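# Coordinates in review
Each chain, letter by letter, is given below.
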Amino acid sequence: KDRVLELYLNSVYLGSGAHGMPAAAETYFGKEVGDLTLAEAAMLAGTIRLPSEVNPLSDLAAARERASLVVALMAEQGRIGPEERDEALAAVAALVPDPPPTRAGSHFADWVLAELSALGGAATEGLTATATLDPAMQAAAERVLRDAIATQ
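Residues numbered from 1 in each chain as written. Predicted model: local features only at pLDDT ≥ 70, side-chain atom pairs only at ≥ 80, totals over all residues. Heavy atoms only, no water.

### Comments concerning unusual backbone geometry
Backbone geometry places Ser16, a non-glycine residue, at a positive phi of 55°. Structurally, Ser16 is set in the loop between α1 (2–9) and α2 (21–29). (Helix = DSSP H or I, 4+ residues; strand = E, 2+ residues; numbered from the N terminus.)

### With respect to the pattern of salt bridges
In this structure the tally under the stated criterion is 3 salt bridges. One salt bridge in this structure joins Arg3 and Glu6, with 3.4 Å as the shortest N-O distance. With a gap of 3 residues between them, Arg3 and Glu6 both fall in helix α1, about one helical turn apart. A salt bridge links Asp86 to Arg85; the nearest nitrogen and oxygen atoms lie 3.0 Å apart. For Asp86, a relative accessible area of 42% puts it in the partly exposed group. The class for Arg85 is partly exposed, based on a relative accessible area of 28%. (Salt bridge = Lys/Arg side-chain N within 4 Å of Asp/Glu carboxyl O. Buried < 20%, exposed > 50% of the residue type's maximum accessible area, 1.4 Å probe, protein only.)

### Here's the deal with the packing of α2 against helix α3 (residues 38–47)
At a closest axis distance of 11 Å, the pairing of α2 and α3 adopts a crossing angle of 115°. Taken together, the axes of α2 and α3 lie roughly perpendicular to each other. Helix-helix and strand crossings are classified by hand; for α2 and α3 the assignment is right-handed. Facing Met21, Ala24, Ala25, Tyr28 and Phe29 of α2, the residues of α3 in contact are Glu40, Met43, Leu44 and Ala45. (Axes fitted to C-alpha atoms, helices over the stretch in contact; angles between N-to-C directions. Parallel < 35°, antiparallel > 145°, perpendicular 65-115°, else oblique. Left-handed = near helix turned anticlockwise from the far one by under 90°. Contact = heavy atoms within 4.5 Å.)

### Here's the deal with the environment of Glu32
Following the sequence through the fold, Glu32 ends up in the loop between α2 and α3. Note on Glu32: relative accessible area 60%, which makes it exposed. As for Glu32 and Ala88, which are separated by 56 residues in sequence, their C-alpha atoms are 19 Å apart.

### Structural notes on the packing of α3 against helix α4 (residues 60–76)
Contact geometry of α3 with α4 gives a least axis separation of 7 Å together with a crossing angle of 105°. Taken together, the axis directions place α3 and α4 in an arrangement best described as roughly perpendicular. Of the residues in α4, those in contact with Leu38, Ala39, Ala42, Met43, Ala45 and Gly46 of α3 are Leu60, Ala63, Arg64, Arg66, Ala67, Val70, Val71 and Met74. A per-class count over the contact of α3 with α4 returns 11 nonpolar, 1 polar and 2 charged. (Nonpolar A, V, L, I, M, F, W, Y, C, P; charged D, E, K, R; others polar.)

### Regarding helix α7 (residues 135–151)
Taking 1.5 Å of rise per residue, the 17 residues of α7 would be expected to cover 24 Å, and the 24 Å separating its terminal C-alpha atoms lies within 8% of that figure. Looking at where α7 begins, the residue whose side-chain oxygen comes 3.1 Å from the main-chain nitrogen of Ala136 is Asp134. (Expected span 1.5 Å × (residues − 1). Polar contact = N/O pair within 3.5 Å; in protein donor to acceptor, adjacent residues only side chain to side chain.)

### Considerations on the nonpolar core
In terms of nonpolar packing, the biggest core is built from 24 residues, with Ala24, Phe29, Met43, Leu44 and Val71 touching the most fellow members. Contributing elements (two or more residues each) for this core: α2, α3, α4 and α5 (82–94). Looking at this core, the element that brings in the most residues is α4, giving 6 residues. (Core = buried A, V, L, I, M, F, W, Y, C linked by side-chain atoms within 4.5 Å.)

### A look at the side chain of Asn55
Locating Asn55 in the fold gives a position in the loop between α3 and α4. A distance of 2.8 Å separates a polar atom in the side chain of Asn55 from the backbone nitrogen of Leu57. With residues near it in sequence (within four places) discarded, Asn55 still touches Leu14, Gly15, Ser16, Tyr28, Thr47, Leu60 and Ala63.

Structure representation (structure tokens):
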């Protein structure tokens, strides 16, 4: 059972392009999964049900609400004590995501991955894809666009 749960948690979609807890920890908090606090881990666990709608980047209030529910259930089931529950609930209320800076071309990479997913059964042993992207040019284009939006 533990192995099945581990496989699931390492592959489940958690919103914002993050598949699996390690990717979600990096996406939302800029950390490795083992470095998450109880509040952060509860927030990721609460994201599982509606990952596109209830995640720290798309709806922080809803993500906090779900994280508080996870913490309360952990206390109710005796997995954490009252003091740990209170500390975690206070941390959840103050929790703000701290994602790492976006890498240039990440939207392009997401699009490529979506296109590959559409191929689904095209290969039984995986696919290799080659795509072209000039990271320096992409970063410059994103910077110009960001600056233009900021001045409007």
